[in-house]
Amino acid sequence: MKYSIHTDEKWQKKWAEENLYRFDESKMNKKLYCLEMFSYPSATSLHCGHWYNYGVTDTWARFKRMQGFNVFHPQGFDAFGLPAENYAIKTGIHPKDSTDKCIATMLEQYKRLGGSYDLNYFLSTCDESYYKWTQWIFEKLYERNLAYQKEAPINWCPSCKTVLANEQVIDGKCERCGSEVTQRKMKQWFFKITEYADELLKCIDQLDWPEKTKKIQKNWIGKSTGSLITFDIDNGMQLQAFTTRADTLYGLSYVVIAPEHEDVMKLVKPEYKEAVQKYLEQAGKISEIDRISTVRERTGVFTGSYAYNPVNGKKVPVWIADYVIATYGTGFVMAVPAHDERDFDFAQKYHLPISRVIVDKNGAEKELPFCEHGKLINSEEFSGLTTEEAVPAIVKKLEKVGKGKLTTMYRLRDWLISRQRYWGAPIPIIHCPYCGNVLVPESELPVKLPYNVEFRPDGESPLARCAEFMNVKCPKCGADAKRDPDTMDTFVDSSWYFLRFPDNKNDKEPFNREKINQMLPVDKYVGGQEHATMHLLYARFFTKALRDMGYLDFDEPFQSLVHQGIILGPDGQKMSKSKGNTINPDGYIQKYGSDVLRMYLEFAFSYTEGGPWSDAGIEAMARFVNRIESLFDAFEKLEETSTDYGEAEKELEFVRESTVKAVTHDVELFQFNTSLARLMEYLNALNAYLHQAKPDKRFVKTCLDCYVVLLAPFAPHLSEELWEMLGHQGSVFNEPWPNVNEEVLKNRDKVIVIQVNGKLRGEIKVGVQAAKEEIEALAVQKVQSYIPEGQKIVKTIYVPNKLVSIVTK
RNA sequence: GCGGAUAUGGCGGAACUGGUAGACGCAACAGACUUAAAAUCUGUUGGGACUUUGCUCCCGUGCCGGUUCGAUUCCGGCUUUCCGCACCA
C-alpha cells in the first residue's frame, strides 16, 4: 500500500456512510464533551492555526473515544461579525452569501482534516434558528436587569465606524484595523457583567485551566478592597471617594474629580468657569491623542470649591485632573501627596501641601512619597497604629457619622454590546415614544435581519436606513415606534453556543435544561489564549446568569481548558499576508495526506508553545509513514514461522507495554510530541526484531495490532488502512484502547546506577526479585576502587529501580 | 512602572514527585546499495583532555550564590525574551 490523500478520501467516505462518529444520547453516563473554540468562516481556507487546534484536539477526542467514552465532539461556526461585512463593503458581495459560501467550503475542509465530528449537532450563529435564542437571552437578561441602556463615553473606531468594547482596544488602537480610537458619547446597551465580578473571580480557582489564564482573568476583574469615604463640599454637595489607604486620611491635601465626571460643572465656582472650560476641552483632546503615553504629565485645574476632611473637618481644595478616570471607582479621589506617587507629582507641580502621616514599621521617615504600609503619625488618636490596624479603625469612626464604609471595587467594567453594524443579531428592543424601551414579544422572535440593506457604514447603523425594518408598532400601546438599529457584539453569539450544541434542533427553547445539565460542563475546551479576557469571561458570565434565572444548574461552562500555541512562519515571525510567510495547509495535504500534516503538527512542537513551521519537519513525518509501511510490507512477506519465547520477544514485549503506558499518559495531557516519539521508538524496535534471524510471525502480528490501535488517534486514515491490511473487520476506532500489562514491565531486569559522593561510578544489572540489601551489597562491591583511601562508607541511599548513592568520609 | 512566564546541543524539543541531562526527530558527517545521483538502509554526532582512545577522566541546562550524598528541577539575587495590565486611587 501507499498512504496518500486517496486513502483519506476512502475512509472519510466510509466513516460518513457508517456514521461512525455519531453521538449516542442514550449513554450519558460515559459522556465526554470535547470542544474546540469554533471558527469564523473567513474568505480564505483553513489555515495552520485551525489545523493545529482542530486536528490535534481531534486526536485527543479519538483517544477518548477508544477509551470507551461517549465523546461529544461538535463543530460549528461563529458566523456573524465584522470581517464578512468588511469583505462585503470591499467586494459588494452580501455578507450572508459570502458567509454561506465560506461555511460550505470550510465544512468540506473539516472533512479533509479527518475530524471525528458529529455534524448532526452543527450550528451557525447567523442562522435564524440560532440568533432567535441569542435575542431571547438578551430579553431574559433585560428582564432581570442585567441588560441596560446608558449614554456613555464609548470607544469609537473612525475607520470601522463602530463602537469597540474595552477589550477590543489595544494600546488606544482598534484591534482590527489599528486606527486611533476616539471617544464619543452614545446611547449604548450594556450587560451587567460587573454584577458577577465577585463570583467570576471566586470560581476561577476551582477550574482546571492554565494558571496563566486564570491570572490574566483575575487581574482583568481586578478586585481591590478599600473604603468609600464621603466628603462634604462647600456648595452643599456630597461626593464619595474610593481609597485603599484610609489610613492616610490625615495627610489629605486636596481632592480630585475626573474631567469626564458628570457632576464636574456643579463644583465650579463662577469665577473659575472659564479656566475650567478651557481645561476640559484640552483634557478631552489629550485623552484622544495621547492615551498611549505612559509618562504623560498630569495636569489639572482648581474648581474654586472646597471639601471638608471628614476626620477633622479640615478644608481642602477640589481640583479637576486627568489622572483620575471617571469609569473606575467613583471618579472622585482623595489626594495624599506624601503617600501616593501620582498625588505627589501633582502636588509638587501645583504647589499643594504635602504632609507626612506614615512612617515605616520602625518609625523611620523614609523619603516621600512613601507608598508602603507603615505606622501612622500626626493622626490624632490613630497615631501609632499600623496601616492594617488604622484602616478599619478610621473607617469605623467615619461609619458612626455615616461617612465611611469598607467596600470592594472592581476593575472590570460592564460589557458594551451595541454595535453600529449590519452583520449581527438585531437587538430585540422597540423604542416607543410613549412606553420607552419595549421588548419584542417572545412569540415574535427572531427579529430577522433584513437581507436588502445598504450596509456600507457612514457612522449610523446600517439598519437605521432600512425603513421596513425600523418602523413597527409598539407591542404595548400600538403607537408608531422604532426598532433598535444596532446589532449585538458577536461575543454575545459565542457566549452560549456550547449550550446550544447538545440541543441544536430545539425550537421551543434555547436548550433543554435536563439535557444540558447532563452534557455540561465541557470536559475539555481547546482554543487560543487571546480569548482569556473576552470570550472565556463572557461565557462564564452567561452561564452564571442563566443559572440564576433557572435555565441550567451548573456554575462553570468549561471545566478543563487547554490553549494551543501559535504556529509561526518558517522565519519565526507571526504568519501574515503582508510578510509573505503564510503556509497554506492545502498543498501539504495534497502532497502528503492529512495524517502526515496532523502528525507533523503534533510531533514538531510542544502543544501549548507552538513554534516556527518547517518543511523539513513535515518531510520527516512523511518518512515516518514510509517506515511504517515498509514494516508492514516486510511483515506480509514474512514466512509463517514460530520461535520459542526468548530474550528478543521479551524485550519487544517490554517496549510494547512501555509504549502503551507512555502514550496513554502523554496523550491524556496533550503531550502529543512525546507520544509520537514513543511510537517511533516502538517502530524502531519492531523493525529491529523483524530483521533479526528468526522472527515469530504470530508474535509480530499481535505487536502490529497493538501498534495500529495506538497509532489510530494520530493517523486515523492510515491506521484504518493498516487495520484492514491486518485482516480485521470493521473500524479500528471500534477497538478498545489497550491496557498496560504491568507484569511485563515488572518482569524485566533492572539496571541500577551507582554513585559515589555524587559521581557516577558504574552500574549493575539486577533481577526483578533482588532485595534492597542485596543490591546495595553488590553496588558497594562494584565500586570498591572508587572509595577514597582511608575513608569509610557513612551512608548508602537506595532509590528503588534507579540508583544506589554511596557517601564516604 | 507593576504582575506573570521563559531560558537546555547547529535546530525543533525530551527529562515522572530532586536521581544516568540531551529521549524522539531534523540537520551534518561517514559507510552500504547504485555507472552516478536521489531514495533507502547502517553507523557517528554537547564540549574538552589523553603518555592507557577507555564500561576512561574533566566540563556542561542564561549568569552569580545557597540547600543536598546528588539540582535542568528547590531557595535568594541578577540578565534575556515573550505575554498581561498600565494613571485602577
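K.L.:
Can you lay out the overall build of chain A for me, pointing to particular residues and giving the numbers?
P.N.:
Helix and strand counts for chain A stand at 24 helices and 33 strands. Seen through its principal axes, chain A has C-alpha atoms that stretch 105 × 90 × 50 Å. Taking the intrachain contacts of chain A between residues at least 6 apart in sequence as the baseline, contacts between residues at least 24 apart amount to 71%. A total of about 36,000 Å² of accessible surface is found on chain A, and carbon and sulfur atoms cover 49% of it. Between the mean site of the 103 positive side-chain charges and the mean site of the 112 negative ones, chain A shows a separation of 3 Å.

K.L.:
Just give me the short version of the pairing of strand β12 (residues 254-257), but keep the residues and values in it.
P.N.:
Because side chains alternate across β12, one face comprises the buried residues Tyr 254 and Val 256, and the other comprises Val 255 and Ile 257, equally buried. Judged from the three bridges that link them, β12 and strand β14 (residues 315-321) form a sheet pairing that is parallel. Considered in β14, the bridge of Val 256 is made with Trp 319.

K.L.:
Which residues make up the environment of Glu 381, and what values go with them?
P.N.:
Structurally, Glu 381 is set in the loop between β17 (375-376) and α10 (387-400). In this structure the C-alpha to C-alpha distance between Glu 381 and Ile 394, which are 13 residues apart in sequence, comes to 9.7 Å. Contacts of Glu 381, omitting those with residues within four sequence positions, involve Tyr 250 and Lys 397. A polar atom in the side chain of Glu 381 sits 3.2 Å from the side chain of Lys 397.

K.L.:
Can you lay out helix α2 (residues 48-66) for me, pointing to particular residues and giving the numbers?
P.N.:
Look at α2: 26 Å from first C-alpha to last across 19 residues, which is about the 27 Å you get at 1.5 Å a residue. Counting buried residues in α2 gives 18 out of 19 residues, a clear majority hidden from the surface.

K.L.:
Can you tell me about the packing of helix α1 (residues 5-18) against helix α22 (residues 716-725), naming the residues and giving the values?
P.N.:
Any two packed helices are characterised by how steeply their axes cross, that is the angle between the axes, and by the distance between the axes. Viewed as axis vectors pointing N to C, α1 and α22 meet at an angle of 85°, and their least axial separation amounts to 9 Å. As far as their axial angle goes, α22 and α1 are roughly perpendicular. Contacts between α1 and α22 involve Thr 7, Asp 8, Lys 10, Trp 11, Gln 12, Lys 14 and Trp 15 on the former and, on the latter, Pro 716, His 717, Glu 720, Glu 721 and Glu 724. Classifying every residue of the contact of α1 with α22 gives three nonpolar, three polar and six charged.

K.L.:
Go over the side chain of Ser 658 with me, naming the residues and quoting the values.
P.N.:
Within the secondary structure layout, Ser 658 lies in helix α19 (residues 647-668). Using a relative accessible area of 16% as the deciding quantity, one classes Ser 658 as buried. At 3.1 Å, the side chain of Ser 658 and the backbone oxygen of Val 655 are in polar contact. Setting aside chain neighbours within four positions, we find Ser 658 in contact with Arg 678 and Leu 745.

K.L.:
Describe the sheet that holds strand β31 (residues 759-766), naming the residues involved and giving the relevant values.
P.N.:
The strand order β31-β30-β33-β32 describes an open sheet built from four strands, whose pairing is mixed. Edge strands, defined here as strands with exactly one partner in the open sheet, are β31 and β32 (793-799). If you compare each strand with its neighbour and ignore which way they point, the axes differ by 20° on average. Bridge count for strand β30 (residues 750-756) against β31 is seven bridges, and the pairing is antiparallel. In the strand pairing of β31, Ile 754 is matched with Gly 762. Docked against the sheet, helix α24 (residues 772-782) engages β30, β31, β32 and β33 (803-808), running at close to 130° with respect to β31.

K.L.:
Any details on the packing of aromatic side chains? Residues and values, ideally.
P.N.:
A full pass over the atoms with the stated rule returns 59 aromatic pairs. On the numbers, 4.9 Å between centres and 90° between planes, the contact of Phe 63 with Trp 737 is edge-to-face. Of the two residues, Phe 63 is situated in helix α2 and Trp 737 in the loop between α22 and α23 (742-746); the sequence distance between them amounts to 674 residues. Assigned by exposure class, Phe 63 and Trp 737 land together as buried. Here a set of aromatic residues connected by ring pairs shows up, and it is made of Tyr 52, Trp 60, Tyr 588, Tyr 592, Tyr 600, Phe 605, Tyr 607, Trp 613, Phe 670 and Phe 672. Here the basic side chain of Lys 697 rests over the ring of Phe 635, its NZ or CZ set 5.1 Å away from the ring centre.

K.L.:
Would you mind going over the pattern of salt bridges in detail, with residue names and values included?
P.N.:
This model, assessed by the stated rule, comprises 50 salt bridges. Lys 214 serves as the salt-bridge partner of Glu 211, at 3.5 Å between the closest nitrogen and oxygen. One end of the pair, Glu 211, and the other, Lys 214, are both in helix α7 (residues 211-221), three residues apart, so they sit about a helical turn from each other. Assessed through its relative accessible area of 58%, Glu 211 is described here as exposed. Classification of Lys 214 as buried rests on a relative accessible area of 7%. Arg 513 is paired through a salt bridge with Asp 553; the nearest N and O atoms lie 2.8 Å apart.

K.L.:
Could you give me a rundown of the confidence of the model for chain A, with the residues and numbers involved?
P.N.:
Low-confidence regions, as indicated by low pLDDT, have predicted coordinates that should not be scrutinised in detail. Looking at chain A as a whole, its pLDDT mean stands at 90, while 97% of the residues score no less than 70. Averaged pLDDT values for the elements of chain A fall to 66 in strand β7 (residues 169-170) and rise to 98 in helix α13 (residues 497-500). Interface predicted TM-score (ipTM) for the complex: 0.94; the corresponding pTM is 0.92.

K.L.:
Talk me through the pairing of strand β10 (residues 223-233); I want residue IDs and the actual numbers.
P.N.:
Regular strands have side chains that alternate between both faces of the sheet. Burial analysis of β10 places eight of its 11 residues in the buried class, the great majority of the element. Bridge count for β10 against strand β11 (residues 238-243) is six bridges, and the pairing is antiparallel. What sits directly across from Thr 230, in β11, is Gln 240. Between β10 and β11, which pair antiparallel in sequence order, lie four residues; one of them, Gly 236, sits at a positive phi of approximately 95°. Sheet topology note: the β10/strand β13 (residues 300-308) ladder contains two bridges and is antiparallel. Pairing of Asp 232 across the sheet is with Tyr 308, part of β13.

K.L.:
Hey, could you go over the sheet that holds strand β1 (residues 31-36) for me, with residue numbers and the actual values?
P.N.:
Across the sheet, four strands lie side by side as β2-β1-β26-β27; this open sheet has parallel pairing. The open sheet terminates on both sides in strands that have one partner only, identified here as β2 (70-72) and β27 (561-562). Relative to β2, β1 runs parallel, the two being bridged by three bridges. Counted as the bridge partner of Lys 31 is Asn 70 from β2.

Conventions we followed
- Residues numbered from 1 in each chain as written.
- Chains lettered and ligands numbered in written order.
- Predicted model: local features only at pLDDT ≥ 70, side-chain atom pairs only at ≥ 80, totals over all residues.
- Heavy atoms only, no water.
- Helix = DSSP H or I, 4+ residues; strand = E, 2+ residues; numbered from the N terminus.
- Contact = heavy atoms within 4.5 Å.
- Areas by Shrake-Rupley, 256 points an atom, 1.4 Å probe, with all protein chains shown as cover.
- Lys, Arg positive; Asp, Glu negative; His and termini not counted.
- Charge placed at Lys NZ, Arg CZ, Asp CG, Glu CD.
- Buried < 20%, exposed > 50% of the residue type's maximum accessible area, 1.4 Å probe, protein only.
- Pairing = 2+ DSSP bridges.
- Polar contact = N/O pair within 3.5 Å; in protein donor to acceptor, adjacent residues only side chain to side chain.
- Expected span 1.5 Å × (residues − 1).
- Axes fitted to C-alpha atoms, helices over the stretch in contact; angles between N-to-C directions.
- Parallel < 35°, antiparallel > 145°, perpendicular 65-115°, else oblique.
- Nonpolar A, V, L, I, M, F, W, Y, C, P; charged D, E, K, R; others polar.
- Phe/Tyr/Trp six-rings, centres within 6.5 Å; stacked < 30°, edge-to-face > 60°.
- Lys NZ or Arg CZ within 6 Å of the ring centre and 35° of its normal.
- Salt bridge = Lys/Arg side-chain N within 4 Å of Asp/Glu carboxyl O.
- pLDDT = per-residue confidence, 0-100.

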